[in-house]
Amino acid sequence: MAYGTRNGDRRQGQGACVASTVGGFGAASDGKNKGVAPGADLMVAEVLHDSGSGAASRIIAGMQWAVDNKVDAVQTVDDVYAVR
């Protein structure tokens, strides 16, 4: 599991959209269009395979990782379609 990964190497691209919506500084608009929490510290916990599938135990382990690391808010992907 790629808990706490910092390399940003994702093949299921929703994370970048969420990250910019939350923590974007508005660089492309000279600061005009910022995220809802610019400057927020974002943490990544990738729990599914590159195909978007994975075991329910990996999702549970990811949530536990968030609790253990005192994460304040968790965003999950709603279109998980192949949890085994």
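About the cut-offs
- Sequence positions are assigned chain by chain, starting from 1 and proceeding in written order.
- Confidence filtering applies because this is a predicted model: local features only for residues at pLDDT of at least 70, side-chain atom pairs given and counted only at 80 or more, and all residues used for totals across whole chains, interfaces and linings.
- The basis for every side-chain value is the complete set of non-hydrogen atoms in the structure, without hydrogens or water.
- A run of H or I in DSSP counts as a helix once it spans at least four residues, and a run of E counts as a strand once it spans at least two, with each numbered from the N terminus.
- Residue burial is assigned from relative accessible area. The probe radius is 1.4 Å, only protein chains are included, and a residue is buried under 20% of its type maximum, exposed over 50%, and partly exposed in between.
- It only takes one pair of heavy atoms within 4.5 Å for two residues to be counted as in contact.
- In short, Shrake-Rupley with a 1.4 Å probe defines the accessible areas, and a residue's cover is counted only from the protein chains shown.
- One fewer than the residue count of a helix, multiplied by 1.5 Å, yields its expected span.
- Here, the arc refers to the directions that run from the helix axis to the C-beta atoms.
- Across the chain, each position has a pLDDT score giving the predictor's confidence in that residue, from 0 to 100.

Any details on the overall build of the chain? Residues and values, ideally.
If you tally the helices and strands in the chain, you get two helices and two strands. In the chain, the succession of helices and strands from N to C terminus is β-α-β-α. Taken across its 84 residues, the chain has 18% of its residues classed as buried. Considering only intrachain contacts with a sequence separation of at least 6, the fraction spanning at least 24 residues in the chain is 54%. Accessible surface computed for the chain: about 6200 Å², of which carbon and sulfur atoms make up 53%.

Help me get a handle on unusual backbone geometry, residues and values and all.
Phi is positive for Asp30, which is not a glycine, with a value near 55 degrees. Secondary-structure assignment places Asp30 in the loop between α1 (14-23) and β2 (45-46). Under the relative-accessibility criterion, Asp30 is labelled exposed at 79%. With a phi close to 55 degrees, Lys70 is a non-glycine residue in the positive phi region. The residue Lys70 is located in the segment after α2 (56-68) in this model.

Before we move on, could you go through α2 and cite the residues and values that matter?
An ideal rise of 1.5 Å per residue puts 18 Å on 13 residues; α2 measures up with 18 Å between its terminal C-alpha atoms. Taken residue by residue, α2 has Arg58, Gly62, Trp65 and Ala66 as its buried positions. The arc that holds every buried residue of α2, seen down its axis, measures 100 degrees, which confines them to one face. For α2, exposure combined with an orientation more than 90 degrees from the buried face picks out Ser57, Ile60, Val67 and Asp68. Residue Lys70 follows α2 closely and has a positive phi angle near 55 degrees.

Give a description of the environment of Gly31 that names residues and reports values.
Structurally, the position occupied by Gly31 is in the loop between α1 and β2. Not counting chain neighbours up to four residues away, the residues in contact with Gly31 comprise Phe25 and Gly26.

Let's hear about the confidence of the model for the chain: which residues, and what values?
For the chain, per-residue confidence averages 75 on the pLDDT scale, and residues scoring 70 or more make up 71% of the total. Mean pLDDT values for the elements of the chain range from 45 in strand β1 (residues 2-3) up to 88 in α2. pLDDT under 50 marks residues 1-5. Its contacts with residues more than four places away, or in other chains, come to 18 contacts. Predicted confidence for residues 79-84 stays below pLDDT 50, and this span has 15 contacts to residues more than four positions away or in other chains.

Give a detailed account of the environment of Met63, specifying residues and quantitative values.
The topology assignment puts Met63 in helix α2. Taking the C-alpha atoms as reference points, Met63 and Val74, eleven residues apart in sequence, are found 8.2 Å from one another. In contact with Met63, other than residues within four places in its own chain, are Val74 and Thr76.

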